[in-house]
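# Coordinate inspection notes
Here is how the chains run, residue by residue.
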Amino acid sequence: MDKQPHTEDEKFPELWEENVPLMKKGFHKELLSKAYDNVVAGSRVFPLREYVFAAMRQTSLGAVRVVIIGQDPYFNEHPGKGPEAHGLCFSVRNGIPVPPSLRNILQEVNNSLYGGEQISSDTDLTRWAEQGVLLLNASLTVLKKKPNSHAKLGWHILTDNIIETISGKKRNVVFMLWGGFAQKKTALIDNSKHLILATSHPSPLSAHRGFLGSGLFVKCNEYLQENGLDPIVW
């Protein structure tokens, strides 16, 4: 069963608004208004407004052990089932058809950690978020059927600031950068105190160029354990 959405005026868990400079200034609330308050008739914005900040509501700053960076939310919806996007990058709610990139992500988890058995099959990645995996899209909103349509809205400025804050205030975080877009975020991360795992994107067009067979989920857990942190149950 899906968790009840949060209302937009709820406080974020542990220290996001207090530590991310642009959030402290209320920039995230300005962007929320820009994304939803002047939508042209007939257009729709995904995810639903109450799920926009789900990644940070599910994973507090203090809990972050892994950061996975996506480009922008899924832009499709399914009749009777709703939008694919629900605020966690690459994740879809149970019952929604599995997007190809997510299918490849779960395939890599199962092949590298579970000998090919379909142990990890839940498409709702909330279970990862609850263990400290921040599932952060660079843009937090998108127009229906229009990928990257909110890329210039200002979200990238905010999410870059979030990445910089995590890098500056924490240690031994694993940053998973999949594909060229995510790998541009390397400049925001202090690799002297964090691990960067860069591969091709898990989409069908590029998954076989480095993502599949990379063992990145194994490498992530080994690094966490080497630094006295619990591994993620992927």
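Refer to the preceding data block for the structure.
What comes next concerns the included structure. (Residues numbered from 1 in each chain as written. Predicted model: local features only at pLDDT ≥ 70, side-chain atom pairs only at ≥ 80, totals over all residues. Heavy atoms only, no water.)

## So, the packing of aromatic side chains
Our working rule: Each Phe, Tyr or Trp ring (for Trp, its six-membered ring) is paired with any other whose centre lies within 6.5 Å, and the angle between the two planes then decides the class: stacked below 30 degrees, edge-to-face above 60, tilted in between. To qualify as a helix, a DSSP run of H or I must reach at least 4 residues; to qualify as a strand, a run of E must reach at least 2; elements of each kind are numbered from the N terminus. Only protein chains enter the accessibility calculation, which uses a 1.4 Å probe; a residue whose area is less than 20% of its type maximum is buried, one above 50% is exposed, and one in between is partly exposed.
Applying the stated criterion across every chain yields a total of seven aromatic pairs. Arranged with centres 4.7 Å apart and planes meeting at 90 degrees, the rings of Trp128 and Trp234 form a pair that is edge-to-face. Taken together, the positions of Trp128 in helix α6 (residues 126-129) and Trp234 in the segment after α9 (216-226) put the pair 106 residues apart, joining distant regions of the chain. When its relative accessible area of 2% is taken as the criterion, Trp234 is described as buried. Note on Phe217 and Trp234: the rings are 4.8 Å apart at their centroids and 65 degrees apart in plane angle, and the pair reads as edge-to-face. Of the two residues, Phe217 sits in helix α9 while Trp234 sits in the segment after α9, which places them 17 residues apart along the sequence. We classify Phe217 as buried; its relative accessible area is 0%. Aromatic rings pair up to connect Phe90, Trp128, Trp178, Phe211, Phe217 and Trp234 into one cluster.

## What to know about the side chain of Asn161
Position of Asn161 relative to the elements: it lies in helix α7 (residues 155-169). Classification of Asn161 by relative accessible area gives buried; the value is 11%.

## Remarks on the pattern of salt bridges
A side chain of one charge can pair with a side chain of the opposite charge if their charged atoms are brought near each other. Going by this rule: Just to be clear on terms, a salt bridge is a Lys or Arg side-chain nitrogen sitting within 4 Å of an Asp or Glu carboxyl oxygen.
In the structure shown here, the tally under the stated rule is four salt bridges. Where Arg44 meets Glu77, a salt bridge forms, and the shortest distance between an N and an O atom there is 2.6 Å. Of this pair, Arg44 sits in the loop between α3 (27-36) and β1 (45-46) while Glu77 sits in strand β3 (residues 77-78), and the two are 33 residues apart along the sequence. Linking Lys144 and Glu77 is a salt bridge whose minimum nitrogen-to-oxygen distance equals 2.8 Å.

## With respect to empty space enclosed by the protein
Operational definition: Only protein atoms enter the 1 Å grid used here, on which a cavity is any set of points holding a 1.4 Å probe that cannot leave and a pocket is any open set flanked by protein within 12 Å on both sides along at least five of seven lines; residues with an atom within 4 Å of a point are listed as lining. Grid points are joined across faces, edges and corners, and a volume is the space filled by probe spheres set on the points. In this classification, the charged set is Asp, Glu, Lys and Arg, the nonpolar set is Ala, Val, Leu, Ile, Met, Phe, Trp, Tyr, Cys and Pro, and all remaining amino acids, among them Gly, are polar.
In the structure shown here, the tally under the stated rule is two cavities of 30 Å³ or more. Volume-wise, the largest cavity comes out at about 50 Å³. As for the largest cavity, its lining consists of Pro47, Val52, Ala55, Pro73, Gly87, Leu88, Asn137 and Leu140. Approximately 30 Å³ is the volume found for the second largest cavity. Every residue along the wall of the second largest cavity is listed here: Ile69, Gly70, Gln71, Trp178, Phe181, Ala182 and His201. Breaking the lining of the second largest cavity down by element, the ones donating at least two residues are β2 (66-70) and α8 (179-183). For the lining of the second largest cavity, a count of residues per class yields four nonpolar, three polar and no charged.

## Remarks on the state of the cysteines
Selection rule: We call a pair of cysteine sulfur atoms a disulfide whenever their separation is within 2.5 Å.
Taken as a whole and judged by the stated rule, the model has zero disulfides. With no disulfide partner, Cys89 has as its closest neighbouring cysteine sulfur the one in Cys220, 13 Å distant. For Cys220, a relative accessible area of 0% puts it in the buried group.

## Side note on the nonpolar core
The cut-off we apply is this: Definition used in this section: a nonpolar core is a set of buried Ala, Val, Leu, Ile, Met, Phe, Trp, Tyr and Cys residues joined via side-chain atoms within 4.5 Å. The contact criterion used is simple: two residues touch if any of their non-hydrogen atoms lie within 4.5 Å.
By size, the foremost hydrophobic cluster in this structure holds 69 residues, and its most contacted members are Ile68, Trp128, Met176 and Trp234. Setting aside chain neighbours within four positions, we find Ile68 in contact with Cys89, Phe90, Trp128, Val133, Leu134, Leu135, Leu136, Met176, Trp178 and Trp234.

## Focus on the side chain of Ser139
Note the cut-off: Counting of polar contacts relies on pairs of N or O atoms within 3.5 Å, with two restrictions inside protein: one atom must be capable of donating a hydrogen and the other of accepting it, and residues adjacent in sequence are counted only when both atoms are side-chain atoms.
Within the secondary structure, Ser139 sits in the loop between β5 (133-137) and β6 (142-143). Among the polar contacts listed, one links the side chain of Ser139 to the side chain of His156, at a separation of 3.0 Å. Residues within four places of Ser139 in sequence aside, it is in contact with Gln71, Asp72, Pro73, His150, Ala151, Trp155 and His156.

## Brief notes about the sheet that holds β2
Condition: For two strands to count as paired, DSSP must find a minimum of two bridges between them. The axes used here are C-alpha line fits, helices contributing only the stretch in contact, and every angle between their N-to-C directions lies in the interval 0 to 180 degrees.
Read from one edge of the open sheet, four strands run β5-β2-β7-β8, paired in parallel fashion. Across the chains shown, the open sheet's two edge strands, defined by having one partner strand only, are β5 and β8 (195-199). Averaged over neighbouring strand pairs, the angle between their axes works out to 20 degrees when direction is ignored. With four bridges connecting them, β2 and strand β7 (residues 174-178) associate as parallel partners. Residue pairing across strands places Ile69 opposite Leu177, the latter belonging to β7. Contacting β2, β5 and β7, α7 runs over the sheet at an angle of about 155 degrees to β5.

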